[in-house]
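The primary structure of each chain is shown beneath.
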Amino acid sequence: MPHTIRDIAAALGAEAAGDLDLTVTGAAEPAAAGPDALALAMDPRYADGIAKGRARAAMVWPGADWQGMGLQAAIFAPRGRLAMAGLTRLMDPGPDIAPGVHAMAIVHPSAVVGAGAAIGPFVTIGAGVVLGAGARIASHVSIAEGARIGADALILQGARIGARVTIGDRFICQPGAVIGADGFSFVTPEKSGVEEIRETLGTREGIKDQSWTRIYSLGAVTIGDDVEIGANVCIDRGTIRDTTIGSGTKLDNLVHIGHNVQVGRDCLLCGQVGIAGSARIGDRVVMGGQCGVNDNIFVGNDVIAGGATKIFTNAPAGRVLLGYPAVKMETHVEMQKALRRLPRLASRVAALEKGVPFAPEAE
Amino acid sequence: MPHTIRDIAAALGAEAAGDLDLTVTGAAEPAAAGPDALALAMDPRYADGIAKGRARAAMVWPGADWQGMGLQAAIFAPRGRLAMAGLTRLMDPGPDIAPGVHAMAIVHPSAVVGAGAAIGPFVTIGAGVVLGAGARIASHVSIAEGARIGADALILQGARIGARVTIGDRFICQPGAVIGADGFSFVTPEKSGVEEIRETLGTREGIKDQSWTRIYSLGAVTIGDDVEIGANVCIDRGTIRDTTIGSGTKLDNLVHIGHNVQVGRDCLLCGQVGIAGSARIGDRVVMGGQCGVNDNIFVGNDVIAGGATKIFTNAPAGRVLLGYPAVKMETHVEMQKALRRLPRLASRVAALEKGVPFAPEAE
Amino acid sequence: MPHTIRDIAAALGAEAAGDLDLTVTGAAEPAAAGPDALALAMDPRYADGIAKGRARAAMVWPGADWQGMGLQAAIFAPRGRLAMAGLTRLMDPGPDIAPGVHAMAIVHPSAVVGAGAAIGPFVTIGAGVVLGAGARIASHVSIAEGARIGADALILQGARIGARVTIGDRFICQPGAVIGADGFSFVTPEKSGVEEIRETLGTREGIKDQSWTRIYSLGAVTIGDDVEIGANVCIDRGTIRDTTIGSGTKLDNLVHIGHNVQVGRDCLLCGQVGIAGSARIGDRVVMGGQCGVNDNIFVGNDVIAGGATKIFTNAPAGRVLLGYPAVKMETHVEMQKALRRLPRLASRVAALEKGVPFAPEAE
């Protein structure tokens, strides 16, 4: 779909210059841009690319000499990635789901579907479901009995919304996500080895041959507004109360959220993060890919954890974490440096013991 | 559904006192309990919550002064979580799957479906499948040709049971699980870099430009009785013999089980655990979230591994493990302590070398 | 299906001896082999198994005394696993998908489906899709608008192919994989904590209460020839250009590939590997299970990373990596050894400080 430079700039609330009636049909990296693409050059290091490509218009940094780059029009983006958000929103065609309810979708008579819904083929919507206005539900999705979802939901192929799950407005769910699986909660008739080592910190007495009895999940999942859930994510139901995800929080692909977990507002949990049962995560927490959080602990507001950080104990608000087990980022960096020098340190101690000067070439 | 205190106590085999005809319709945390909920206060630290909530009945610890808490009835639970198992089982409504075979399910004429089955819409059941009595199969499930599943199976939305997979009784499968994907097994025409470094422990000679040829999986997956599989779990087929999961074993969400793996009885594998090809896991093994097990190794009976433990070598029975690479839990704790003191140790060695006393403030 | 020893040897390009007209119907481990199975004994340590089983024919190592083992026929395999590739390919029955388009599949009138396709029930194929000859598409698969897939694709149950995704020939996709989910890309109106700590390496000034704005994914995913994707894998779309997976590359179950990532040719990424956004992976890279790669970094050709290696910085070609953070394999081994001896080293330093000989028994 073609957009004029004027319309794009207006949508972004950005300044523009040159031929504002020039139209573009897409966006491209500068060197790969054809004449109908808006080149993305929000940083001076992309200026060279403009010359290599064939763009007539570009989104550039404030103060860029767009005419010197041979452009006919330019949009100025003081914060490049923020401009990208607006631009990509404008240009995204969205998924192709026909308006109305597909003939091959099964909607329970007691379900309430809001105005303007688009529901694809092979979708099931259970008894008592309430689905807000403007919902777009792609093929193969199941929404189980009693789930309630706010306005403008976009739920993509094969996602599973469990029974009695509650979700706010503007929900986005990627394909294959499972919201409301049963919690992983089991108990042995007598004390188990796991209970024992938590008390003894590792020592085990007699080992018993026991089987696991299931604790069912009577709770569901409650999700706020403006939440996005990645592909093949799993969020378990709570045991008695609901597992909760706060408004504005985004989960990347393959994230695992255990039963009873509470995640706050405006968090980012990157790919393959795992949060064990009953952990509580504050607001605006950011976790890099493959982070893990132990069960029953608390991670404070504004904590940032680097990739693959494994958090075993409570983390105070604002802490920046790294490592397994997680420590403050600067401590981790210092420990790793010292560890790399450790073989040399051992040689130095050996030299001291012998009363001879340390000779590195003898290592 | 309302339950009398008498009926609940009988179902749990527990003692009760007070007005045994009082009915409750659900369970709740003490402070959040309304008058129709059974408050859960199996530990004295929850006694305060009873006063804050409006429960008339509670499940309490043995010897609790339930009348002093203002309750009209009480059930006594000597082992709280075990009582939770019984209580939640009683109160769980279960998924809403209509009895019989849905008109939009496709069941191959040669498949045998046991008595009392409930099979949802958009389900496919392949040629020669044998499905035991009392099966509940939710929407979008596929059960491929030749699979055999025991009595009382509960298979939730969109789970995939592969061809010729064998599963015992009382199987529970969460949404999106894939049981019987092809193994990840490839070979290069000549020795690969991976084969080379396994022999040389890291050194590489000439690097060859080779492509991977697929080894197909002729085996399937065999699963015992009373097994539960989490959401979006993946279990691969064996190459020649079956991959096996022993009776009573429970897998949490997003667990990966490679080809030829043998998992014993009554194990618990928590979220995102990964077991590489041909590893053998004993009985009653418990692994915290994000643990990893190397290919072709053996993990003995009753091993317990803390969260994110990465097991590279055989682990003897009963060992408690932590760390990457995995070591005994107490060794890990000792190593981490020493590592945290390492920068200081380096300063002490430097002081010794200079022949001056160690001055911490100079660090 | 029965195969003669002659036919099997011919298919493998291997030497054979004995009764070449003898037929087998499957393959088995030597001790478990019945009279109609080809025993697999490509290494002398399996010779004993032959005697325990009832096989009449076996695949053996070159020079094996097959007659002495009581066999009637033998196939000689100089490289056992390579022979396994050919043998299993020959014997794999493949999935049961009826030829033609199932009556319960929904194929958009504008989609082009090549000759010889087998498309199962509850499949959706969107507008403008081009699907090459010989495609086998199992039940519940969705292929969204504008996707283009080459010849001889095998796409298994419930896999999700996103809009405008491009895939080469001989593609194999395991159940539940999601190719073309939206990228995980968000921006705050003002500088976020993550941006801040990347500049300050861990220090944070004022913490702002901000929400995340979505950057939409205008790019898609481009996949080469001979690629295999594991069960429940997730591959995200690019932001502007496509995320790419090179020809011959194989991804195991539950792998996560972020937006804009470029993976080269002939790579093996094992179970639960995660590659963060905009990382570039060279050719012939092999990563063990649960490896992680930081965003925006480069991993050179022929890098091999052991299980659970976490790569935070660029890795040069041919490097063998291990650890968190990743270091050269030999460095990791040396560091771990030194770490295990660290408590003892601390005692030795204490002894030096006191001017007394180190007495291990006093530790």
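Residues numbered from 1 in each chain as written. Chains lettered and ligands numbered in written order. Predicted model: local features only at pLDDT ≥ 70, side-chain atom pairs only at ≥ 80, totals over all residues. Heavy atoms only, no water.

Engineer: Explain unusual backbone geometry to me, and be specific about the residues and the numbers.
Structural biologist: Put simply, tyrosine 324 of chain A and proline 325 of chain A share a cis peptide bond, and its omega is -5°. Mapped onto the elements of the fold, proline 325 of chain A is located in the loop between β39 (320-322) and β40 (327-328). With a phi angle near 70°, glutamine 272 of chain C is a residue other than glycine that sits in the positive phi range. Along the polypeptide, glutamine 272 of chain C turns up in the loop between β31 (268-269) and β32 (274-275). (Helix = DSSP H or I, 4+ residues; strand = E, 2+ residues; numbered from the N terminus.)

Engineer: Pulling in residues and values, what's your account of the pairing of strand β7 (residues 73-76) of chain B?
Structural biologist: Residues and elements named next belong to chain B. Side-chain alternation along β7 places Ala73 and Ile75 on one buried face and Ala74 and Phe76 on a second face that is also buried. Note: strand β2 (residues 16-18) against β7, three bridges, orientation antiparallel. Within β7, the residue paired with glycine 18 across the bridge is alanine 73. Across four bridges, the pairing between strand β6 (residues 57-60) and β7 is parallel. Across the sheet, the residue bridging to valine 60 is phenylalanine 76, located in β7. (Buried < 20%, exposed > 50% of the residue type's maximum accessible area, 1.4 Å probe, protein only. Pairing = 2+ DSSP bridges.)

Engineer: How would you summarise the interface of chain B and chain C if you had to cite specific residues and measurements?
Structural biologist: Between chain B and chain C, the residue contacts involve 75 residues of the former and 72 residues of the latter. Each partner contributes to the roughly 5,700 Å² buried at the junction of chain B and chain C, and carbon and sulfur atoms together form 65% of this total. Where chain B meets chain C, there are five salt bridges. Counting every contact that joins chain B to chain C gives 29 residue pairs in polar contact (both at pLDDT 80 or more). Elements that contribute at least two residues to the side of chain B that touches chain C include exactly β21 (178-181), β22 (186-187), α4 (193-200), β23 (213-214), β26 (234-236), α5 (329-340) and α6 (342-354) of chain B. Residues belonging to the side of chain B that touches chain C are distributed by class as follows: 39 nonpolar, 20 polar and 16 charged. (Contact = heavy atoms within 4.5 Å. Buried area = accessible area lost by both parts, 1.4 Å probe. Salt bridge = Lys/Arg side-chain N within 4 Å of Asp/Glu carboxyl O. Polar contact = N/O pair within 3.5 Å; in protein donor to acceptor, adjacent residues only side chain to side chain. Nonpolar A, V, L, I, M, F, W, Y, C, P; charged D, E, K, R; others polar.)

Engineer: Account for the relation of the copies chain B and chain C, with residues named and values stated.
Structural biologist: Aligned on chain C, chain B shows an RMSD of 0.1 Å; the corresponding rotation is 120° and the shift along the axis is 0.0 Å. Here the transformation between the copies is reduced to the relation of a three-fold axis. A share of only 19% of interface residues in chain B that are also interface residues in chain C marks the association as one of differing surfaces. (Least-squares fit on C-alpha atoms with pLDDT ≥ 70 in both.)

Engineer: With reference to specific residues and values, describe the relation of the copies chain B and chain A.
Structural biologist: If you rotate chain B by 120° and push it 0.0 Å along the axis, it lands on chain A with an RMSD of 0.1 Å. Taken as a fraction of all interface residues of chain B, those also at the interface in chain A reach only 19%, which identifies the copy contact as different-surface.

Engineer: Account for the state of the cysteines, naming residues and giving values.
Structural biologist: Inspection of every chain in the model, using the stated rule, returns zero disulfides over all chains. Not engaged in a disulfide, the cysteine cysteine 173 of chain C finds its nearest cysteine sulfur in cysteine 234 of chain C; these two sulfurs lie 11 Å apart. Lacking any disulfide linkage, cysteine 234 of chain C is separated from the closest cysteine sulfur, that of cysteine 234 of chain B, by 9.6 Å. A residue is classified by how much of its surface remains accessible, and cysteine 234 of chain C, at 0% relative accessible area, is buried. (Disulfide = S-S within 2.5 Å.)

Engineer: Please set out the sheet that holds strand β2 (residues 15-18) of chain A residue by residue, giving values where relevant.
Structural biologist: Within a beta sheet, neighbouring strands are joined by backbone hydrogen bonds and run either parallel or antiparallel to one another. Residues and elements named next belong to chain A. The five strands are arranged β2-β7-β6-β5-β4 in an open sheet whose pairing can be described as mixed. With partners counted over all chains shown, the strands left at the sheet margins are β2 and β4 (26-28), one partner each. When strand polarity is set aside, the average angle formed by the axes of neighbouring strands in this sheet is 25°. Of the strands in this sheet, β2, β5 (37-41), β6 (57-60) and β7 (73-76) are in contact with helix α1 (residues 5-12), which crosses β7 at around 0°. (Axes fitted to C-alpha atoms, helices over the stretch in contact; angles between N-to-C directions.)

Engineer: Can you break down the side chain of lysine 310 of chain C residue by residue, with the values?
Structural biologist: Its place among the elements puts lysine 310 of chain C in strand β38 (residues 310-311). With no salt bridge to any partner, buried lysine 310 of chain C finds its closest opposite charge in aspartate 252 of chain A, at an N-O distance of 14 Å. Every residue in contact with lysine 310 of chain C, bar those within four places of it in the chain, is listed here: Gln290 and Ala308 of chain A together with Gln290, Gly292, Gly323, Tyr324, Pro325 and Ala326 of chain C. (Lys, Arg positive; Asp, Glu negative; His and termini not counted.)

Everything listed is a geometric property; what it means functionally is a separate question.
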